[in-house]
Amino acid sequence: NNKSKGLILGLLAGAAGISVALLWLKKHGKSHYFQHIPGLWSTSNGHGFVQDHQGKVVVLQGSQLQILEKFGELLKSVEELKRDVKFLKETIPKLEEQIRDEIRGKNDGRRVSPQHKGLKRKKSETAKEPVEYPSSEEAESEGGYLTAHDTESEDEKRADGSKTKKEADKIRYVLKEADKKHSGSESEKQEGFRMLLNNKEKFENHVEFLWRLARAYSDVYYIESDYEEKKNYASEGKLVAERAIELNDSSAESHRWFAIMCGYMSEYDNVQNKIKNGYLFKEHLDKAIELNPHDPLQYYLLGRWCYEVSRLSWIERKVAATLFGNPPTATVQDALNYFLKAEEMHPGYSKYNYVFLAKCYRDLGQKTKALKYCNDASAIASVTKEDKDAQKDLEVLIASISP
């Protein structure tokens, strides 16, 4: 720039005039700062003179004096730079060793990065030769640290991934055990229920966990005989299934078990809430079938709903019409069709499905078919509590059909 050009021209023009000063500097060494010159005075007319320690005086013109001042400042800056370089040369190796020790402390057993390998090699090669300025070893130390730091970040990511994998493995185990317990004996169902309750806080935001917990509430509801306990299980199970639907409205299982819990709650509510739960049961069961049309349980449940609706009393229909505009409607034939659908999808699906097939044919006046399904139901051993309840209903049913 213009300022730099002016400085260069000034230095050239005054070179002859400062020759004496240069000789003096050469004699006393460049290590002396400008302020160490024994005497420096300036006059009002822009002239100045210096006096050395021997008393000799050199007169300087104004421009020469400025150049000498700038030159002295330059020498001062160079000397300060040398001191800084010396300080860095002494400090950086110590800092490097401190950083290396810190990294070793955090990452014992970690593979040394290529930068650090190069660093050690350079140290051995340059140990015998002193250097004037920071060496490439010192420049690499920062790069080596960053590489170690990056490696640590990768380790943290792997640790996070490992933690996520452990959590995924844990919930897979819990879900697998829940399915296994659900298919087992009553004591196993109760064990599964307790296991799910113990993990509820940990997996309360997992839909697959929640609908299984709702299913477990259904299991213990069916096993329990105490009225208040059954009501509590039905209420809690309904809340859990509702939470699962909130998290994922596309879960067929969540809709199914919410519908089932609504069915249970209708056993404990007044007429108004009983009918309300009936509407909810149908709404969510239809949604479950829409999402998964291949589950025979859902058609069996829909058959049960239709059968119960077909038997609503006059007062219940009136209350439904008053509260909801249109009361739910379904016929025995509708129920029969759904029970047949479940049997078609899974022959011998359940003892209770045969019992309700027999009930529908009895109500429709087809006793021969009714007795046939009574015989099919009798052929299934009564193992679970549901089977035992079905057997009791079957005995009453046979008595109503027989002459």
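As shown above, the structure is provided for reference.
Just so you know, these numbers come straight off a predicted model, no measurement behind them.

With the rule as written, the count across this model stands at 13 salt bridges. The salt bridge involving glutamate 246 is made with arginine 243; its shortest N-O contact spans 3.8 Å. Here glutamate 246 pairs with arginine 243, and both are found in helix 8 (residues 227–247), just three residues apart, close to one helical turn. Residue classification places glutamate 246 among the exposed residues on the basis of a relative accessible area of 57%. By relative accessible area, which is 32% here, arginine 243 ends up partly exposed. With a closest N to O distance of 3.1 Å, lysine 372 and aspartate 376 form a salt bridge. Taken together, the residues span about one helical turn, with lysine 372 and aspartate 376 both in helix 15 (residues 367–378) at a distance of four residues. Residues participating in the shared-partner salt-bridge network are Asp179, Glu208, Arg212 and Arg215.

Take the packing of aromatic side chains next. Applying the stated criterion to the full structure yields 15 aromatic pairs. Here phenylalanine 193 and tyrosine 217 contribute two aromatic rings whose centre-to-centre distance is 5.0 Å and whose plane-to-plane angle is 70 degrees, an arrangement assigned as edge-to-face. Taken together, the residues phenylalanine 193 in helix 6 (residues 186–198) and tyrosine 217 in helix 7 (residues 207–223) connect sequence positions 24 residues apart. Here the two residues phenylalanine 193 and tyrosine 217 agree in accessibility, since each one is buried. Geometrically, the ring pair formed by tyrosine 307 and phenylalanine 356 is edge-to-face, given 5.6 Å between the ring centres and 80 degrees between the ring planes. With tyrosine 307 in helix 11 (residues 296–310) and phenylalanine 356 in helix 14 (residues 351–363), this residue pair connects regions lying 49 residues apart in the sequence. Just as tyrosine 307 is buried, phenylalanine 356 falls in that class too. By the ring-pair criterion, three or more aromatic residues cluster together here, those being Tyr300, Tyr307, Phe339, Tyr349, Tyr352 and Phe356. Lying over the aromatic face of tyrosine 352, arginine 304 brings its terminal NZ or CZ to 5.5 Å of the ring centre. Here lysine 372 stacks its cationic end above the ring of tyrosine 373, 4.4 Å away from the centre of that ring.

Now for the nonpolar core. Across soluble globular proteins, nonpolar side chains show a tendency to be buried alongside one another. Leu196, Phe209 and Tyr300 are the most contacted members of the largest nonpolar core, which has 68 residues in total. Tallying contributions element by element places helix 7 first for this core, with 10 residues. With residues near it in sequence (within four places) discarded, tyrosine 300 still touches Phe339, Ala342, Tyr349, Tyr352, Asn353, Phe356 and Glu386.

Turning to its location among the elements, glutamate 343 is positioned in helix 13 (residues 332–345). Nearest to the buried, unbridged glutamate 343 among oppositely charged side chains is lysine 372, at 7.0 Å. Once residues within four sequence positions are removed from consideration, glutamate 343 is found in contact with Gly348, Tyr349, Asn353 and Tyr354.

Its location among the elements puts glutamate 290 in helix 10 (residues 271–291). Under the relative-accessibility criterion, glutamate 290 is labelled exposed at 59%. For the pair glutamate 290 and serine 250, spaced 40 residues apart in sequence, the C-alpha to C-alpha distance is 9.8 Å.

Conventions and cut-offs
- Residues numbered from 1 in each chain as written.
- Predicted model: local features only at pLDDT ≥ 70, side-chain atom pairs only at ≥ 80, totals over all residues.
- Heavy atoms only, no water.
- Salt bridge = Lys/Arg side-chain N within 4 Å of Asp/Glu carboxyl O.
- Helix = DSSP H or I, 4+ residues; strand = E, 2+ residues; numbered from the N terminus.
- Buried < 20%, exposed > 50% of the residue type's maximum accessible area, 1.4 Å probe, protein only.
- Phe/Tyr/Trp six-rings, centres within 6.5 Å; stacked < 30°, edge-to-face > 60°.
- Lys NZ or Arg CZ within 6 Å of the ring centre and 35° of its normal.
- Core = buried A, V, L, I, M, F, W, Y, C linked by side-chain atoms within 4.5 Å.
- Contact = heavy atoms within 4.5 Å.
- Lys, Arg positive; Asp, Glu negative; His and termini not counted.

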